[in-house]
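Okay, here's what each chain looks like letter by letter:
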Amino acid sequence: MVDIVIVNYNTCKLLKPLIESIEENTQISYELYVVDNNSTDGSTFWLRQKSGVNLIVLPRNMGYAYACNRGIENGIGEYIVLMNSDLLATPGWLEGLLFPMEEDGKIAICSPLLVDEKGKIVGAGTDYNFKMRAWGQSAAEIEFSEPLDSLSVSGACFMLKRSLIPTIGYLDERYFFYFEDLDYCFRAQYLGYRVLFCPGSQVIHFFDPAQVHGGSSGNRETKQLYYRESEKLFNQKWSYREGVIEKNEIVSDNSGSQ
């Protein structure tokens, strides 16, 4: 079974179509958890009426990483998918993440091809030179035939292995929002595991560059503050070799655990 963990904060209008898309396009057995960061837009009222949802309501907005961890702790599935609320699942999305994970015990993280509502790529993993693959290009014009190892992948949607939580740990809760995904990718590779972009899975991400990214963290000014604070923490926590980083050349001042 797969545990799907969605974090919500005042995004009820986005949450409804996301859950419906999961229900319509997921053939694999899953358990759905929604962790709500104390929303005030009616999200929790709707979620309590919705069958098939395990609702976890936090006493206040505790941040994305904290909320993800509470969802992970409440599940028992062998695999875990963490999702933003501003997504739509497409047919075969979960199989495209699960099958590569099952084939290789060294894969710690799998992430889908993320496209916006216009079919432009907004997530295809990051090369080891820190460049984002095919950003903003038409998904119809870019053919990814095989999974690709990546320096990092977008935390808007990615799959983890529960069996590796004792080794890699949970998301670092010092990141209130942003960089928790990059940090987790670095930690996995630092410990010798693979981070994989899996184009066999496709998820629509309602990406708004004016809002930095994501739909569950507040207004633009607040998001920019979160971004700056998380970036500072990340830069303090990690250091890099000079020049282009090659695979398995990530250096950390610690293991990245909480």
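Let us look at the structure shown here. Predicted model, so just to flag it, every value in this text is computed and none were measured.

### Side note on the packing of aromatic side chains
Each aromatic ring pair is characterised by the separation of its centres together with the angle its planes make.
Step number 1: Tallying each qualifying case throughout the model produces eleven aromatic pairs.
Step number 2: An angle of 85° between the planes, with centres 5.8 Å apart, marks the rings of Tyr64 and Phe177 as edge-to-face. With Tyr64 in helix α3 (residues 64–74) and Phe177 in the loop between α5 (165–168) and α6 (180–190), this residue pair connects regions lying 113 residues apart in the sequence.
Step number 3: By relative accessible area, which is 4% here, Tyr64 ends up buried.

### Remarks on the nonpolar core
Step number 1: Of all hydrophobic cores here, the largest spans 46 residues; its most connected members are Leu82 and Ile109.
Step number 2: When near neighbours in sequence (up to four residues on either side) are disregarded, Ile109 contacts Met101, Val153, Phe158, Met159, Leu160, Tyr184, Cys185, Ala188, Arg194, Val195 and Leu196.
Step number 3: Counting 34 residues, the second largest nonpolar core, distinct from the first, contains Leu18, Ile19, Leu87 and Val122.

### Points about the side chain of Lys161
Step number 1: Assignment of secondary structure puts Lys161 in strand β9 (residues 157–161).
Step number 2: Asp104 is the oppositely charged side chain nearest to the buried, salt-bridge-free Lys161, at an N-O distance of 6.0 Å.
Step number 3: A distance of 3.1 Å separates a polar atom in the side chain of Lys161 from the backbone oxygen of Ile107.
Step number 4: Beyond its immediate stretch of four places on either side in the chain, Lys161 contacts Glu78, Tyr79, Met101, Asp104, Gly105, Lys106, Ile107 and Ala108.

### Notes on the pairing of strand β6 (residues 107–115)
Step number 1: Counting buried positions over the nine residues of β6 gives nine, a clear majority of the element.
Step number 2: Bridge analysis of β6 against strand β10 (residues 194–205) gives eight bridges, and the strand direction is parallel. From the neighbouring strand, Pro112 faces β10, where its bridge partner is Cys198.
Step number 3: As paired elements, β6 and β9 share two bridges and run antiparallel to each other. Bridge assignment links Cys110 to a residue of β9, and that residue is Met159.
Step number 4: Here β6 runs beside strand β7 (residues 121–123); their pairing, made up of two bridges, is antiparallel. Looking across to β7, one finds that Val115 is bridged to Ile121.
Step number 5: Here β6 folds back onto β7 in antiparallel fashion, the turn holding five residues, of which Gly119 has a positive phi close to 85°.

Each value, and the rule that gives it
- Residues numbered from 1 in each chain as written.
- Predicted model: local features only at pLDDT ≥ 70, side-chain atom pairs only at ≥ 80, totals over all residues.
- Heavy atoms only, no water.
- Phe/Tyr/Trp six-rings, centres within 6.5 Å; stacked < 30°, edge-to-face > 60°.
- Helix = DSSP H or I, 4+ residues; strand = E, 2+ residues; numbered from the N terminus.
- Buried < 20%, exposed > 50% of the residue type's maximum accessible area, 1.4 Å probe, protein only.
- Core = buried A, V, L, I, M, F, W, Y, C linked by side-chain atoms within 4.5 Å.
- Contact = heavy atoms within 4.5 Å.
- Lys, Arg positive; Asp, Glu negative; His and termini not counted.
- Salt bridge = Lys/Arg side-chain N within 4 Å of Asp/Glu carboxyl O.
- Polar contact = N/O pair within 3.5 Å; in protein donor to acceptor, adjacent residues only side chain to side chain.
- Pairing = 2+ DSSP bridges.

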